[in-house]
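One-letter residues, chain by chain:
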Amino acid sequence: MTTCLRCSSEVGETEEKCSTCGAFAGPPNVRAAEKLEEQVALERRYDEAVSQSYLDGSDAALMSFDVNMELTFAVVNVDIDFLRQFVTSDKMTFSNYDLSVKGQIRKSAEATHDRHRRTIGAMLFGGYSEHIRYAALSLDGGGLQSYGAFAIKLRQISIANRATLLEDNSYNFIAKHKLQGGEEIPPGYVAKWDERHKLAVSKLAKTVSAGTSEAEHPKILLRSTGDRNTDECIEVHIYGGFDNKAIESVRGKSPTKGKYEIAAISLIKDCLNQSQNAWIEE
C-alpha cells in the first residue's frame, strides 16, 4: 500500500488516486516496479550478470551493451490506416484493445484470443489493466512487424514517468513462468524506465560474448520476423494514452504500389514534416 502524501490515507496498489482526497499517487505500474523487493531482485540479477561477464571474458562487450541499453526507446508498430489517422488527427489518442472493444470502436477478437488477452492483462495489472498501452523497447527504431509495418518511436518525455518494462512479451512471460490466475509475478523481471538497461543486461547478458559488436545490439534486444509467436522483445507498459505529440519519428518502407497507400504515405510524411518529426525510410 502507498500512503497518500496529502491526507495520509492508504492508496490501493491498483489505484492511481487517493480515494479520500483525490490526490494523485502515481501510475500503479510504476509504484509496483518501485517496490523494495523488485528493486533488490533486479539489482541482484544485474550484478550476477555483470560478475559472470568478468569470468567468461565478455565484460568489455557487456559494458558496451549496457551503455547502449540506456539509449533505448519505446516503439509501437501500427498499420498504414491507423498511422494515417493518428498522424493527421490532433484529437486522436493511442488506445488499447480493452478500451477499443469497450467503446465499440472495434470488434472483440475471436473468443479464445479475447479471453486470453483479458486474462493476461488481469494477471499482470489487476484492475488497472485497461489503462496499459503496450510497446517494445528498441535501439534502432525497428519494432514488432507482426503488429504493423510502421514503427512509431515515442518521445521519452511523453512516457518516462509512467512506463515500466517486463522482461518478455506478456504472453510468453506468463507461459514461461507457469503463472496461474491470482499468482504474483516473481520479483526482478520488471523495471522502471530509468533502469531498463539493468533489465536488458539481466535478460540478455548470456547472448553477449567477447566478440559481440555494437552493430549486433539492436537485434539482440529485439527480433521480429512478422510472427507474434516468435517475436522476442522487452515489453514496455505505458500507463494511459498518448496523442500524436508523443511521436518523435516513424520508420517504415514507402509503398510503390497502390494509389491509396502511396497517397496515404505522402500525407503522413507531410504531417510529420510540419510537426518536425522524422520519417525514416527502411
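Use the structure listed above.
Residues numbered from 1 in each chain as written. Predicted model: local features only at pLDDT ≥ 70, side-chain atom pairs only at ≥ 80, totals over all residues. Heavy atoms only, no water.

Turning to the nonpolar core, a few remarks are in order. Of all hydrophobic cores here, the largest spans 48 residues; its most connected members are Phe65, Ile152 and Val236. Counting residues per element, this core draws most heavily on helix 11 (residues 259-274), which supplies five residues. Not counting residues within four places of it along the chain, the set of residues in contact with Val236 comprises Ala74, Arg133, Tyr134, Ala135, Ala136, Leu137, Ala163, Thr164, Leu165 and Trp193. Counting residues in each nonpolar core, the second largest holds 14 residues, with Ile120, Phe173, Leu179 and Tyr239 among its members. (Core = buried A, V, L, I, M, F, W, Y, C linked by side-chain atoms within 4.5 Å. Buried < 20%, exposed > 50% of the residue type's maximum accessible area, 1.4 Å probe, protein only. Helix = DSSP H or I, 4+ residues; strand = E, 2+ residues; numbered from the N terminus. Contact = heavy atoms within 4.5 Å.)

Here the focus is the packing of helix 2 (residues 36-56) against helix 9 (residues 196-204). Closest axis-to-axis distance for the helix 2/helix 9 pair is 8 Å, and the angle between their directions is 55°. It follows from the interaxial angle that helix 2 and helix 9 lie oblique. Between helix 2 and helix 9 lies a crossing whose hand is left-handed. Together, Leu42, Glu43, Arg45, Tyr46 and Ala49 of helix 2 and His197, Lys198, Leu199, Val201, Ser202 and Lys203 of helix 9 make up the contact between the two elements. (Axes fitted to C-alpha atoms, helices over the stretch in contact; angles between N-to-C directions. Parallel < 35°, antiparallel > 145°, perpendicular 65-115°, else oblique. Left-handed = near helix turned anticlockwise from the far one by under 90°.)

Moving on, we come to the sheet that holds strand 10 (residues 278-281). Strand order in the open sheet formed by eight strands is 7-6-8-4-3-5-9-10, with mixed pairing between adjacent strands. Strands at the two margins of the open sheet, each flanked by one partner only, are strand 7 (190-192) and strand 10. Across the sheet, the mean angle from the axis of one strand to that of its neighbour is 35°, orientation sign disregarded. Sheet analysis places strand 5 (residues 150-154) next to strand 9 (residues 247-252), joined by four bridges and oriented antiparallel. In the strand pairing of strand 9, Lys153 is matched with Ser249. Contacts from helix 11 reach strand 5, strand 9 and strand 10, with the element oriented near 135° to strand 10. (Pairing = 2+ DSSP bridges.)

Let's shift gears to the packing of aromatic side chains. Under the criterion given, the structure shown has ten aromatic pairs. Measuring from centroid to centroid gives 6.0 Å for Phe86 and Phe94, while their planes differ by 75°, and the two rings are edge-to-face. Across the pair, exposure class does not vary: Phe86 and Phe94 are buried alike. Ring plane angle 10° and centroid distance 4.8 Å describe the contact between Phe94 and Phe242, whose orientation is recorded as stacked. In this pair, Phe94 sits in the loop between helix 4 (80-88) and helix 5 (97-102) while Phe242 sits in the loop between strand 8 (235-239) and strand 9, placing the two residues 148 residues apart along the sequence. Assigned by exposure class, Phe94 and Phe242 land together as buried. Ring pairing ties together the aromatic residues Phe82, Phe86, Phe94 and Phe242, which thus form one cluster. Directly above the ring of Tyr97 sits Arg117, whose terminal nitrogen or CZ lies 4.2 Å from the centroid. (Phe/Tyr/Trp six-rings, centres within 6.5 Å; stacked < 30°, edge-to-face > 60°. Lys NZ or Arg CZ within 6 Å of the ring centre and 35° of its normal.)

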